[in-house]
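Breakdown of the fold
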Amino acid sequence: MDTALYQGWKNTPWSDPTIAWQGDGFVANGFCRECRRCCGPQKGDPPYPMPLMPWQLDGKEAERFYMLDATTSCLDERGCKALGEGGCTLSRSLRPIACGLFPIVCMEGALFLYRLCPASLCLPFGEWQSMGEKAALWLRQTFSVDNLHRLSLPKPSCNHDRYIPLFLSVFEVA
Ligand code: SF4
Ligand code: SF4
């Protein structure tokens, strides 16, 4: 799957291949500087939902994001409205929680690794599992169950193979 993409990544001289959990809901990812793939236009895919937390809903969210509904920002064929020339223009507190965690993704109460990210390819899977454990703990300690449910995306209707299970639950699914 996506062999040409993977080969391109393997041959890229990444200037900063550092990946580390920062402890505050952010995966520090040095690959992003040159990649920017997941903030830009998403061609041919359905809009990618990025739920916002109550404190991020201040009446100005539609100025910052393309909105899927009243409380969910999204990435679509236009890319993200908050992407500027030098990267994301928003402070960390205003960015969707999904942005800080990516390529770790919360779906149906569990964590997955998004396969189509150079960082997912270049860091050994065991290290992603260990980072996922920290992310799961941070999510459980930081958010109410209601907000965890809001952050958790439904499984996509297509492209399931892009998500690798980390086998880590964030909340029990009934
Ligand atoms: S795909 Fe991965 S490396 Fe690229 S911008 Fe997104 S998180 Fe960063
Ligand atoms: S809010 Fe920032 S980090 Fe998140 S998708 Fe938009 S530009 Fe990227």
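Residues numbered from 1 in each chain as written. Chains lettered and ligands numbered in written order. Predicted model: local features only at pLDDT ≥ 70, side-chain atom pairs only at ≥ 80, totals over all residues.

1. Quick look at the overall build of the protein chain
- Within the protein chain, the regular secondary structure consists of seven helices and ten strands.
- Expected size for 174 residues packed as a compact globule is a radius of gyration near 16 Å; at 16 Å, the protein chain falls within 12% of this value.
- Expressed as lengths along the three principal axes of its C-alpha atoms, the size of the protein chain is roughly 45 × 35 × 30 Å.
- Going through the 174 residues of the protein chain one by one, you find that 25% of them count as buried.
- Within the protein chain, contacts between residues at least 6 apart in sequence are counted, and of these 62% link residues at least 24 apart. (Helix = DSSP H or I, 4+ residues; strand = E, 2+ residues; numbered from the N terminus. Rg over C-alpha atoms; globule rule 2.2 N^0.38 Å. Buried ≥ 20, exposed ≤ 12 C-beta atoms within 10 Å, placed from the backbone. Contact = placed C-beta atoms within 7 Å.)

2. Side note on the nonpolar core
- Residues Leu 101, Ile 104, Leu 111 and Phe 112 are the most contacted members of the largest nonpolar core, which totals 33 residues.
- Three or more residues apiece are contributed to this core by two domains, here domain 1 (41–90) and domain 2 (102–164).
- Leaving out residues up to four positions away in the same chain, Leu 111 has contacts with Ile 104, Cys 106, Gly 132, Ala 135, Ala 136, Leu 166, Leu 168 and Val 170. (Core = buried A, V, L, I, M, F, W, Y, C linked by C-beta atoms within 7 Å. Domains from an automatic or database assignment.)

3. Section: the domain arrangement of the protein chain
- Partitioning the protein chain into structural domains gives domain 1 (41–90) and domain 2 (102–164).
- Of note, the centres of domain 1 and domain 2, computed from C-alpha atoms alone, are 19 Å apart.

4. With respect to the site of ligand 1
- Every residue lining ligand 1 is accounted for by Asn 29, Phe 31, Cys 32, Cys 35, Arg 36, Arg 37, Cys 38, Phe 102, Pro 103, Cys 117, Pro 118 and Ala 119.
- For the shell around ligand 1, the elements supplying multiple residues, two or more each, are α2 (32–35) and α5 (118–122).
- Looking at side-chain class alone, the shell around ligand 1 contains nine nonpolar, one polar and two charged residues. (Near = placed C-beta within 6 Å. Nonpolar A, V, L, I, M, F, W, Y, C, P; charged D, E, K, R; others polar.)

5. A look at the sheet that holds strand β5 (residues 72–75)
- Strand order in this open sheet of three strands is β3-β5-β4, and the pairing throughout is antiparallel. Strands at the two margins of the open sheet, each flanked by one partner only, are β3 (48–51) and β4 (66–69). Averaged over all neighbouring strand pairs, the angle between strand axes comes to 45°, with direction disregarded.
- Bridge analysis of β3 against β5 gives four bridges, and the strand direction is antiparallel. Pairing of Pro 49 across the sheet is with Cys 74, part of β5. (Pairing = 2+ DSSP bridges. Axes fitted to C-alpha atoms, helices over the stretch in contact; angles between N-to-C directions.)

6. Quick word on unusual backbone geometry
- For the bond from Phe 102 to Pro 103, the omega torsion is 10°, close enough to zero to count as cis.
- When you line up the elements, Pro 103 lands in the loop between α4 (97–101) and β8 (104–107).
- Although it is not a glycine, Arg 36 adopts a positive phi angle of roughly 55°.
- Along the polypeptide, Arg 36 turns up in the loop between α2 and β3.
- With 13 C-beta atoms counted inside 10 Å, the residue Arg 36 sits in the partly exposed group.
- Located in the positive-phi region is Phe 167, a residue other than glycine, with phi close to 60°.
- Relative to the assigned elements, Phe 167 resides in strand β10 (residues 163–169).
- You can call Phe 167 exposed: it has 10 C-beta atoms within 10 Å.

7. Digging into the environment of Lys 10
- Residue placement: Lys 10 occurs in helix α1 (residues 3–11).
- Sequence separation of Lys 10 and Pro 118 is 108 residues, and the distance between their C-alpha atoms is 8.3 Å.

8. So, the sheet that holds β8
- The strand order across the open sheet formed by three strands is β8-β9-β10, and the pairing between neighbours is antiparallel. Lying at the two open borders of the sheet, with one neighbouring strand each, are β8 and β10. Each neighbouring strand pair of the sheet contributes to a mean axis angle of 35°, computed without reference to strand direction.
- Bridging between β8 and strand β9 (residues 110–114) involves four bridges; their strand directions are antiparallel. Bridged to Cys 106 within β9 is Leu 111.

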